[in-house]
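# Report on the structure
Next come the chains, spelled out residue by residue.
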Amino acid sequence: MARILIAVHGMGVNKSDWSKGVAMKLNAVSRRYKAFEKSPDTFLLASGPDDTSMEPTPDQVLVIPAGYDAEMRARAEDFQRDTTRITEAAATAGITLPSELVSVLKWFSKAGETEKNFFWTHVVDVLIYHYFPLVTKQIRVVVMETMAKVLARPNVDVSIIGYSLGTAVAHDVLSNLGNGIVPGLGSLMPPGVRFVNVFMVANVSRVLEKTLTGDMDVYASCVCPISVRGDDAYCGDYYNFRHMLDPFTVPKRFEPQWVGNDYHPIDRLLHVGNFNVHDWDHYLDNPEVHIPILNSFFGFKVIDDDTAFAAIENYKVSPVPLCDKGLEFWIKETRKIAKKIEQRPTVPELLRTAAQFLAVAEVARAMCGAAPKGAGPSAPRGN
Amino acid sequence: MLRIRIVTGLCAAILVAGATRDARAQIVHPPTVRDCDFQRLIVPAKADVDTTVWRIFYPANQLTALEPYLQESHWLAALDEVRASLERATVEHVPSSPEANASLARFRIRQDSIRARVVRLLSAPTTTAFASDLGGVRRVGPSMFRAEVRDGKAFLFRGTPDSLVFTDADPQGLRRTICYHAAVERALLDRFTASARTAAAAVLTAKRARWESYFSRGYSQLPWELYLNSRNARDAAKLDPPTTQWIVFHPSVAVQVSGANYRDLARHDAIALEPVGYIWYRNEYRDYFGLSSAVVFTNGVGTGIGPFLHFGRVAKVGYVFPTRRGDVDPARRSGGVLLSVDLYKYLSDRGAQVEGVMKSLRAKLEKP
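Residues numbered from 1 in each chain as written. Chains lettered and ligands numbered in written order. Predicted model: local features only at pLDDT ≥ 70, side-chain atom pairs only at ≥ 80, totals over all residues. Heavy atoms only, no water.

### Points about the overall build of chain A
Put simply, the rule is: The numbering of helices and of strands both runs from the N terminus, where a helix is a DSSP run of H or I of at least 4 residues and a strand a run of E of at least 2. Note on classification: 1.4 Å probe, protein chains only; a residue is buried when its accessible area is under 20% of the maximum for its type, exposed when over 50%, partly exposed between these limits. Contacts are assigned to residue pairs that have any heavy atoms within 4.5 Å of one another.
In terms of regular secondary structure, chain A is built from 13 helices and seven strands. The C-alpha extent of chain A, read off along each of the three principal axes, is 70 × 55 × 40 Å. Classification of the 383 residues of chain A by burial places 64% in the buried group. Partitioning the contacts of chain A with sequence separation of at least 6, the portion at a separation of at least 24 is 76%.

### Observations concerning the packing of helix 5 (residues 75-93) of chain B against helix 6 (residues 98-122) of chain B
Residue and element names in this part refer to chain B. The condition that has to hold: Axis angles are defined between N-to-C directions and span 0 to 180 degrees, where every axis is a line fitted to C-alpha atoms and, for a helix, only to the segment in contact. If an angle is under 35 degrees, it is roughly parallel; if it is over 145, roughly antiparallel; if it lies from 65 to 115, roughly perpendicular; otherwise it is oblique. Charged means Asp, Glu, Lys or Arg here, nonpolar means Ala, Val, Leu, Ile, Met, Phe, Trp, Tyr, Cys or Pro, and polar covers whatever is left, Gly included.
Running from amino to carboxyl end, helix 5 crosses helix 6 at an angle of 170 degrees, the nearest separation of the two axes being 10 Å. When the interaxial angle is binned, helix 5 and helix 6 end up roughly antiparallel. Along its contact with helix 5, which presents Trp75, Leu76, Leu79, Asp80, Val82, Arg83, Leu86, Glu87 and Thr90, the element helix 6 presents Leu104, Phe107, Arg108, Gln111, Asp112, Arg115, Val118, Val119 and Leu122. Looking at the contact of helix 5 with helix 6, its residues break down into ten nonpolar, two polar and six charged.

### Quick look at the interface of chain A and chain B
Our working definition: The term buried area means the drop in 1.4 Å probe accessible area that two parts suffer when joined, counted for both and summed. Think of a salt bridge as a Lys or Arg side-chain nitrogen and an Asp or Glu carboxyl oxygen that are within 4 Å of each other. Under this definition, polar contacts are N or O atom pairs within 3.5 Å; protein pairs additionally need one hydrogen-donor-capable and one acceptor-capable atom, and for neighbouring residues in sequence, both atoms have to be side-chain atoms.
With 86 residues of chain A in contact, the opposing surface of chain B contributes 78 residues. Summed over both sides, the interface of chain A with chain B buries roughly 7100 Å², with 63% coming from carbon and sulfur. Summed over the shared surface of chain A and chain B, the number is ten salt bridges. For Arg146 of chain B, the salt bridge goes to Asp157 of chain A, with nearest N and O atoms at 3.7 Å. Linking chain A to chain B there are 32 residue pairs in polar contact (both at pLDDT 80 or more). When residues of the side of chain A that touches chain B are assigned to their parent elements, the largest contribution, 13 residues, is made by helix 6 (residues 133-151) of chain A. In the side of chain A that touches chain B, the residues fall into 46 nonpolar, 19 polar and 21 charged.

### Let's talk about the packing of helix 5 of chain B against helix 9 (residues 172-192) of chain B
Residues and elements named next belong to chain B. At a minimum axis separation of 9 Å, helix 5 and helix 9 run at an interaxial angle of 175 degrees. As far as their axial angle goes, helix 9 and helix 5 are roughly antiparallel. Contacts between helix 5 and helix 9 involve Trp75, Ala78, Leu79, Val82, Ser85, Leu86, Ala89, Thr90 and His93 from the first element and Gly173, Leu174, Thr177, His181, Val184, Glu185, Leu188, Arg191 and Phe192 from the second. Of the residues assigned to the contact of helix 5 with helix 9, the class counts are ten nonpolar, six polar and two charged.

### Quick word on the confidence of the model for chain B
All names here are of chain B. What counts, and what does not: Summary of the metric used: pLDDT quantifies the predictor's per-residue confidence within the range 0 to 100.
On average, residues of chain B score 84 in pLDDT, and 80% of them reach the 70 mark or higher. Here residues 1-25 scores under 50 on pLDDT; set against residues more than four positions off or in separate chains, the count is eight contacts. Overall fold confidence (pTM) sits at 0.87, and the ipTM for the predicted complex is 0.88.

### Focus on the packing of aromatic side chains
The condition that has to hold: A pair of aromatic rings is counted whenever rings of Phe, Tyr or Trp (Trp by its six-membered ring) have centres within 6.5 Å, and the orientation is called stacked for planes under 30 degrees apart, edge-to-face for over 60 and tilted otherwise. Ring-over charges, as used throughout, are those where CZ of Arg or NZ of Lys falls within 6 Å of the ring centre and within 35 degrees of the ring normal.
Under the criterion given, the structure shown has 39 aromatic pairs over all chains. Note on Phe36 of chain A and Phe298 of chain A: the rings are 5.5 Å apart at their centroids and 70 degrees apart in plane angle, and the pair reads as edge-to-face. With a gap of 262 residues between them, Phe36 of chain A in helix 2 (residues 34-37) and Phe298 of chain A in helix 10 (residues 287-298) connect regions that are remote in the sequence. An identical accessibility class is assigned to Phe36 of chain A and Phe298 of chain A; each is buried. Judged by centre distance (5.3 Å) and plane angle (55 degrees), the rings of Tyr214 of chain B and Tyr281 of chain B are tilted. Of the two residues, Tyr214 of chain B is situated in helix 10 (residues 194-217) and Tyr281 of chain B in strand 5 (residues 266-282); the sequence distance between them amounts to 67 residues. For the pair Tyr214 of chain B and Tyr281 of chain B, a shared accessibility class is recorded, and that class is buried. Ring pairs connect the aromatic residues Trp211, Tyr214, Phe215, Tyr219, Tyr281, Tyr285 and Tyr288 of chain B, which therefore count as one cluster. When the ring centre of Phe155 of chain B is taken as origin, the NZ or CZ atom of Arg158 of chain B, which lies over that ring, is 5.9 Å away. When the ring centre of Phe38 of chain B is taken as origin, the NZ or CZ atom of Arg186 of chain B, which lies over that ring, is 3.8 Å away.

### What to know about the nonpolar core
Soluble globular proteins: nonpolar side chains tend toward being buried together. Note the cut-off: Residues enter a nonpolar core if they are buried and are Ala, Val, Leu, Ile, Met, Phe, Trp, Tyr or Cys, with the set joined through side-chain atoms within 4.5 Å.
Grouped together as the largest cluster of nonpolar side chains are 97 residues, with contacts concentrated most on Met147 and Phe195 of chain A. The residues touching Met147 of chain A, leaving out its near neighbours within four places in the chain, are Ile6, Val8, Ile160, Val173, Leu174, Leu177 and Phe195 of chain A. Membership of the second largest hydrophobic core comes to 85 residues, among which are Leu26 and Ala311 of chain A together with Leu79 and Val184 of chain B.

### Overview of the side chain of Ser175 of chain A
Tracing the backbone shows Ser175 of chain A in helix 7 (residues 165-178). Contact partners of Ser175 of chain A, with chain neighbours within four places excluded, come to Met216, Ser221, Cys222 and Val223 of chain A.

### Remarks on helix 7 of chain A
All names here are of chain A. Heads up, the rule is: In this scheme, a helix's expected span is set at 1.5 Å multiplied by one less than its residue total.
With 14 residues, helix 7 ought to run about 20 Å at 1.5 Å a step, and its terminal C-alpha atoms sit 20 Å apart, in line with that. For helix 7, a buried count of 14 out of 14 residues is recorded, marking the element as mostly surrounded by other parts of the structure. Positioned one or two residues after helix 7, Gly180 has a phi angle of 80 degrees, which is positive.

### Describing the state of the cysteines
Selection rule: Any two cysteine sulfur atoms within 2.5 Å of one another count as a disulfide.
Using the criterion set out here, one finds two disulfides over all chains in the structure. In this model, Cys323 of chain A is linked to Cys368 of chain A through a disulfide, with the two sulfur atoms separated by 2.1 Å. Its torsion about the S-S bond being -85 degrees, the disulfide of Cys323 of chain A and Cys368 of chain A is classed as left-handed. Of the two residues, Cys323 of chain A sits in the loop between helix 11 (305-317) and helix 12 (324-343) while Cys368 of chain A sits in the segment after helix 13 (347-367), which places them 45 residues apart along the sequence. Through a disulfide, Cys36 of chain B is tied to Cys179 of chain B; the S-S separation comes to 1.9 Å. Taking the sign of the S-S torsion, about 80 degrees here, the bridge from Cys36 of chain B to Cys179 of chain B comes out right-handed.

### Observations concerning the sheet that holds strand 1 (residues 148-150) of chain B
Residue and element names in this part refer to chain B. Our working rule: Strand pairing follows a simple DSSP-based rule, namely that at least 2 bridges must link the two strands.
Ordered by their spatial adjacency, three strands build an open sheet running 1-2-3, and the pairing between neighbours is antiparallel. Here the strands that pair on one side only, and so sit at the sheet edges, are strand 1 and strand 3 (164-166). Direction aside, the axes of adjacent strands within the sheet are offset by 20 degrees on average. Sheet topology note: the strand 1/strand 2 (residues 153-156) ladder contains three bridges and is antiparallel.

Structure follows, in structure tokens:
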């Protein structure tokens, strides 16, 4: 028996301990409030769905990672290994290959590098997920298996937090689990099984929707609160967090006409504490994001309205380590990027502009004294 | 004396302040949360439960009492016990009022409905039939009786005509009677459907294993092949890997064994480019068979073309016919056997044996 939060990561090279960062961040932000000051850690971390070593109390939440990074990386590394092996073997043996083949092979042989360019480290994940259904399906199966194993545990209240590409993965997985199109999974369907909360951070599920034939429109799927689809709804409450300057969420914004009070659109975030406003930690650091998350697990406003208001107002005026020069450059470039993607809200444009945005954030960070990547009030990490 | 009083007063103030901070540091749950939050109700030792009056109705205690039924899978008897307990609690703790009676009536309707579905599912002849009864299984899951606790209110059966809402303003007797028994019903249904959920997880575990085999033991795919093969695998409902696979312009490292005659057989490193081919998977994607055409580039014996057979990831064998392409001396151009590097290595490891076989072959062929 436990409250469980399944975390689905976003794009980029998510090292094996990514979920540790999420749990640590949630614990760190909860400590800002008196109610949690002297409590033990609210968020405990399990290594995976099979890890049953943790025994959270009713005031604790067990975070279980539903990662798919290993599968993503494996495909990129396969590309690199196969192509590098061929070009090297040809060079060693002095074999002359057609020049077109050589140039294609060399391009793909960069696939395994993780540090040098944002396309290969971040954006390629979106490309693979959207355009390579064989990988899409494998990723979905991996995440579905985690969810199914968690749901098979006795007496659990399960919530989900998806971030960036993880919002699309989480949506698609939940949608296909909940609508009964996959044979053998009927026992996981609503209303008998239902997720307590779905938290979507930097939601891109709409721009990446309908990757496969039979996928549902994100507004029409079962991934919605009860007020929208009653018995067929797969979650009790749906939270959507969007930073207004986050270009990833610009194309096909997630703005459903859901009017029930179990849909919580928190989509006017404006605070810039880090040039990469798309960063997961940057989102979680914001009281407008973490207070609803914390309150939802306790079933009441453990952080009351007055405390929440004060925290949000203080956060808005808190000093940030961003220099004017960098900020000016970043605002100018980000506007251009947002404009570009608004004009062409397509997946290819998203891929291009996403890489540009991450590069702009890096340049702006360097302009402010080359602070280490991720420096900021919230010590954010990767994406 | 005054100093002592001031110090004492300060100490007292500090202690009071500390106590206040401590009090604030505690998470104080509102009554509705304490009474209706399922995760609290099934924890056996709970300090804030009235252990004298409510003890027998407390969900953890009810579940302990029901354990013999559950161990014997007497689901209907267990559900009937819960109903009987509800009626007892109603008599003892719920003063009659139109609102309370209406709420209890709705709760009973839901209990009856669930019981009818459980009866239907229990009549299923096999476990498979039970799990595949979508209309039945999906409507007897634990969430059917989950009390959603949000903003200090508890919601039951939200989104249905039997919806119930409880707040701190509602009578404790009614709130506890309904929430406690909802928690017990939920725990029973959780256990009743546990095997079906475990079976669903097992289905997905098997699928994941197939995908692992497909990518780790299958024929590697370059991006354009992955893209092309993906075109035929777009059905979201079919979550298993495809059983066949196209090979398109697939380069690989190989070894060509060729010579003008058997005496001159020699190894030549080669790159085999397969313009087109097809793979069939078998044995849960642990193995495959395939056929492709191959253009072979070498250094020394020119370029050749020929068929290439695939027997799993390790063994590939084909025959190469020389072409006129390239600037290799026509005298040196030759066809030969094309082997995958792994197969060649396997054979090389038994070099002496192979050499012996080759010698005997040569000897036989050279006999007049």
